[in-house]
Amino acid sequence: MNMLSSVSSEPETIQTPTPAGHEITPRDRRFGRDAGHQPGKYWQNGDPVATAFYNCLSLTFPRGEAFFIESVKEFRDHTPAKLQNEIRAFVKQEIIHSREHLALNRRVEENGYDTSRIETRITESLAMTKDRPKITNLAATMILEHFTAIMAQQFLANPKHWENSDQETADLWRWHALEEIEHKGVAYDTWLYATKDWSRRKRWQVKAVMMVLITRNFWGNRWRDTLDLLAQDGITGWRVKLKLLKFLLVKPGIARAIIIPWLKFFLPGFHPWNEDDRHLIQRAESEYEAAITGRPATA
C-alpha cells in the first residue's frame, strides 16, 4: 500500500506548540583547535567504552546532517515565511555541527582507529535513500531529529555524561546539544506542513512504523560500531559487551533515560515542543560563557 502521496504547494498556517518568539541562533564555535590541546585517546573519563560510543556517534554526523539538510530543504518552499527562516537557521547550525564533528573525527583517526567500516555502513545506509520518495526521507529526518533532541536533553541535564571528560570535547557536545534542542521542532513542523493533506491516522501510521524501524537500526549500528572501535584496541569478549550495556542502561544510561521521551512520540498530538526545555539551552550557554570568561555561571 502506498501511504506516501504528493504534497500541496500552498503554505497555510498550522498551529503548533513551538514557543512564540523562539529563535534559532547558529553559533559559529570551534573546539579542540589549539596546538597544545591533548585530549588523550580515551577523552571521556579515561573510559574506552564511553569514548568509543561517543566517537562512533560523532562519525555519523557529517553525512547524517547533510541528509537532514537536503530532506528538509526539499519542502522549504511549501512552508510559511517564519518556518522558512527557521529552516535556514537550522541548515546553518547543521553545517557548523558537521564541520566540528569532522574535526573530532579526524582526531579519532589520528589516535590510530580505522573508521572505514563504520563510514561504509553509514554511506551504504544513506545510499538506500536516493530512490525513496522525498516525503519518506523527511519522515526519517523528523524521527532522527527527535532522537538527537531527546539525547541532547540528557547530555545537558545530566552532568554524569561529561564527568572527567576532556573539557574542549565535552564543550563541543554540550554546544551541539543545546542547538539540537533549539531547532528540535523544525523538521517536525516541516513534516506537518508536508503532510497537511493526510489524515491523522495515515500520518501516525507512517511515523510510528518508521520510528520502530529507525530505532532498531540506530541502536543496532551504534552497538556494532562501538564494539568495532573497541576491538581495534584489543577490547573484546562478553565482559566488554556487559560494560557497554551498563553504560547504555545504568550509568549514565542514555538509552534508559530516553525511553519515556521516545514513547511520547507515539502519543496523539505529539510535538517536540510539548516539552519546553529552553532552560537547558540557557543553562548551557551560561556555563559556556562562564568557562571562557572565568565569571561564575548564573542560573
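None of the values given here were measured: they were computed from a predicted structure. (Residues numbered from 1 in each chain as written. Predicted model: local features only at pLDDT ≥ 70, side-chain atom pairs only at ≥ 80, totals over all residues. Heavy atoms only, no water.)

### Some details on unusual backbone geometry
Pro252 follows Lys251 through a cis peptide bond whose omega is 0°. By secondary structure assignment, the location of Pro252 is in the loop between helix H8 (238–249) and helix H9 (254–257). Despite not being glycine, Asn45 shows a phi value in the positive range, around 60°. By secondary structure assignment, the location of Asn45 is in the segment before helix H1 (48–73). Given a relative accessible area of 37%, Asn45 falls into the partly exposed group. Of note in this structure, Asn164 is not a glycine but carries a positive phi near 55°. Summarising the element assignment, Asn164 is placed in the loop between helix H4 (134–157) and helix H5 (167–182). Judged by its relative accessible area of 61%, Asn164 falls in the exposed class. (Helix = DSSP H or I, 4+ residues; strand = E, 2+ residues; numbered from the N terminus. Buried < 20%, exposed > 50% of the residue type's maximum accessible area, 1.4 Å probe, protein only.)

### What to know about the packing of H1 against H5
Following both chains from N to C, one finds H1 and H5 inclined at 50°, their axes separated by 13 Å at the closest point. Regarding the angle of H1 to H5, the classification is oblique. For the element pair H1 and H5, the recorded crossing hand is left-handed. Touching Tyr54, Leu57, Ser58, Phe61 and Glu65 of H1 are Trp173, His176 and Glu180, all from H5. Of the residues assigned to the contact of H1 with H5, the class counts are four nonpolar, two polar and two charged. (Axes fitted to C-alpha atoms, helices over the stretch in contact; angles between N-to-C directions. Parallel < 35°, antiparallel > 145°, perpendicular 65-115°, else oblique. Left-handed = near helix turned anticlockwise from the far one by under 90°. Contact = heavy atoms within 4.5 Å. Nonpolar A, V, L, I, M, F, W, Y, C, P; charged D, E, K, R; others polar.)

### Notes on helix H2 (residues 81–110)
Spanning 30 residues, H2 covers 44 Å between terminal C-alpha atoms, matching the ideal 44 Å at 1.5 Å per step. In the stretch just after H2, Gly112 is the one whose phi turns positive, near 95°. (Expected span 1.5 Å × (residues − 1).)

### Overview of the packing of H2 against H5
Remark: H2 packs on H5, axes separated minimally by 11 Å, with the N-to-C direction vectors making an angle of 155°. Taken as axis vectors, H2 and H5 run roughly antiparallel relative to one another. Between H2 and H5 the crossing geometry is left-handed. Residues Gln93, Glu94, Ile96, His97, Glu100, His101, Leu104 and Arg107 of H2 touch H5, and the partners they reach there are Thr169, Leu172, Trp173, Trp175, His176, Glu179, Glu180 and Glu182. Here the contact of H2 with H5 is built from residues that sort into five nonpolar, five polar and six charged.

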